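# Coordinate analysis (summary)
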Amino acid sequence: MNALKIALTKGRLEQKTVALFERCGMDVSDVRAPGRRLILPLDGGRFQVVLAKAPDVITYVEHGAVDIGVVGKDTILEKGQSFFELMDLGFGRCRFALAVREGEDFFATHRHRRVATKYPAVAAAFFAQRGLDVELIKIEGSVELSPLLGLADGIVDIVETGETLRANGLVPVVDIAPISARVIVNIASMKTRKDEIQQLLQALRNANQEAAL
Ligand code: PRP
């Protein structure tokens, strides 16, 4: 049978996931030195690893182009989910929050409010739940700029240490959802390759627990 294919989110999550694979006793030498290769053998070819941007990890898993993905809950919440979310890896911890300029009362005002975000689906769901009519403006990065430039009254964004908000005179006013790295699995793969997938998840779980001891 073909090796199971695993898509990792490039960057910080990739590095932490590879470290976890290593703690499982896998040979991670190819994944640590990919060069220009896009598909990499893991553990001597027992698995194949693909490195991708977070939304693409979800697309590949949904379409069955890969069996398994490691991606942040932020992208899962934004993009929706036609896959199984089977494990919280416990790293990549941060949160979605609504933040405003210091001293501003976002909820007191009855005027038209605008909120900038990279995550319009998450923001729309949050404001709908609160019954608030808010205009959302999609921004691609450094969303903190928008209230500083007068474009928006607040932002919905990822907060990790809170340093970026503090450095720009912004404060979080509502925590919207916790975020961490999750293991997701294609729906068909979960039926056809259940044993192999469960074996891998158990190995990840054990290595994660040992690290926590
Ligand atoms: C994220 C987020 C914040 C920052 C929060 O940005 O959008 O800007 O990290 O981290 P902190 O609370 O520890 O300061 P990212 O680095 O992903 O880049 P982006 O600006 O393109 O979103």
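See above for the structure.
A few points on the structure. In this text the structure is predicted, and so the values were computed from the model without any measurement.

Procedures and definitions
- Residues numbered from 1 in each chain as written.
- Predicted model: local features only at pLDDT ≥ 70, side-chain atom pairs only at ≥ 80, totals over all residues.
- Heavy atoms only, no water.
- Salt bridge = Lys/Arg side-chain N within 4 Å of Asp/Glu carboxyl O.
- Buried < 20%, exposed > 50% of the residue type's maximum accessible area, 1.4 Å probe, protein only.
- Helix = DSSP H or I, 4+ residues; strand = E, 2+ residues; numbered from the N terminus.
- Near = heavy atom within 4 Å.
- Polar contact = N/O pair within 3.5 Å; in protein donor to acceptor, adjacent residues only side chain to side chain.
- Areas by Shrake-Rupley, 256 points an atom, 1.4 Å probe, with all protein chains shown as cover.
- 1 Å grid on protein atoms, 1.4 Å probe; cavity = no way out; pocket = protein on both sides within 12 Å on 5 of 7 lines; lining within 4 Å.
- Sits in = over half its atoms within 2 Å of the grid points.
- Points joined across faces, edges and corners; volume = space filled by probe spheres on them.
- Nonpolar A, V, L, I, M, F, W, Y, C, P; charged D, E, K, R; others polar.
- Expected span 1.5 Å × (residues − 1).
- Arc of directions from axis to C-beta.
- Pairing = 2+ DSSP bridges.
- Axes fitted to C-alpha atoms, helices over the stretch in contact; angles between N-to-C directions.
- Contact = heavy atoms within 4.5 Å.

Turning to the pattern of salt bridges, a few remarks are in order. Inspection of every chain in the model, using the stated rule, returns 13 salt bridges. The salt bridge partner of Arg37 is Asp30, with a shortest N-O separation of 3.1 Å. Exposure remark for Arg37: the relative accessible area of 37% places this residue in the partly exposed category. Between Asp175 and Arg95 there is a salt bridge; the shortest N-O distance is 2.7 Å. With a gap of 80 residues between them, Asp175 in strand E10 (residues 170–179) and Arg95 in strand E6 (residues 94–101) connect regions that are remote in the sequence. Salt bridges sharing common partners tie together Lys73, Glu85, Asp88 and Arg182.

Before going further, it helps to examine the site of the ligand. Contacts to the ligand come from Lys118, Gly141, Ser142, Glu144, Asp157, Ile158, Val159, Glu160, Thr161, Gly162, Glu163 and Thr164. Contact distances for the ligand include 2.8 Å between an oxygen atom and a backbone N or O atom of Glu160. Between Thr161 and the ligand, the recorded distance is 2.5 Å, taken from a side-chain N or O atom to an oxygen atom. Its free accessible area being 490 Å², the ligand has 70% of it covered by the protein chains. Mapping the ligand onto the cavity grids shows that it belongs to the largest pocket.

Our focus in this paragraph is the layout of surface pockets. Computed from the structure, the largest pocket encloses a volume of approximately 1000 Å³. Lining the largest pocket are 39 residues, with Arg12, Asp74, Lys118, Tyr119 and Ile158 positioned closest to its centre. When its residues are assigned to classes, the lining of the largest pocket shows 14 nonpolar, 10 polar and 15 charged. Here the second largest pocket defines a volume of roughly 200 Å³. In terms of lining, the second largest pocket is formed by 14 residues, of which the most central are Arg46, Phe47, Glu196, Gln199 and Leu200.

Okay, helix H9 (residues 194–212) next. Between its first and last C-alpha atoms H9 spans 27 Å; for 19 residues at 1.5 Å apiece the expected length is 27 Å, and the two agree. Turning to H9, its buried residues are Ile197, Leu200, Leu201, Leu204, Ala207 and Asn208. Taken end-on, H9 shows its buried residues confined to a sector of 125°, consistent with a single buried face. Opposite the packed face of H9, turned more than 90 degrees from it, sit the exposed residues Asp195, Gln199 and Glu210.

Our focus in this paragraph is the sheet that holds strand E3 (residues 47–52). Within a sheet, neighbouring strands are paired by backbone hydrogen bonds and run either parallel or antiparallel to one another. Strand order in the open sheet formed by 6 strands is E2-E3-E1-E4-E11-E5, and the pairing between neighbours is mixed. Sheet topology places strand E2 (39–42) and strand E5 (84–88) at the edges, where each strand pairs with a single neighbour. Each strand of the sheet is rotated relative to its neighbour by a mean of 30°, with strand direction disregarded. Lying over the sheet, H9 contacts strand E1 (4–9), E3, strand E4 (68–72), E5 and strand E11 (181–185), oriented at roughly 25° with respect to E5.

What follows covers the sheet that holds E6. Strand order in this open sheet of 5 strands is E8-E7-E9-E6-E10, and the pairing throughout is mixed. Both outer strands of the open sheet, strand E8 (134–138) and E10, are each paired with one neighbouring strand and no more. The average undirected angle you get between the axes of adjacent strands in this sheet is 25°. Sheet analysis places E6 next to E10, joined by 8 bridges and oriented antiparallel.

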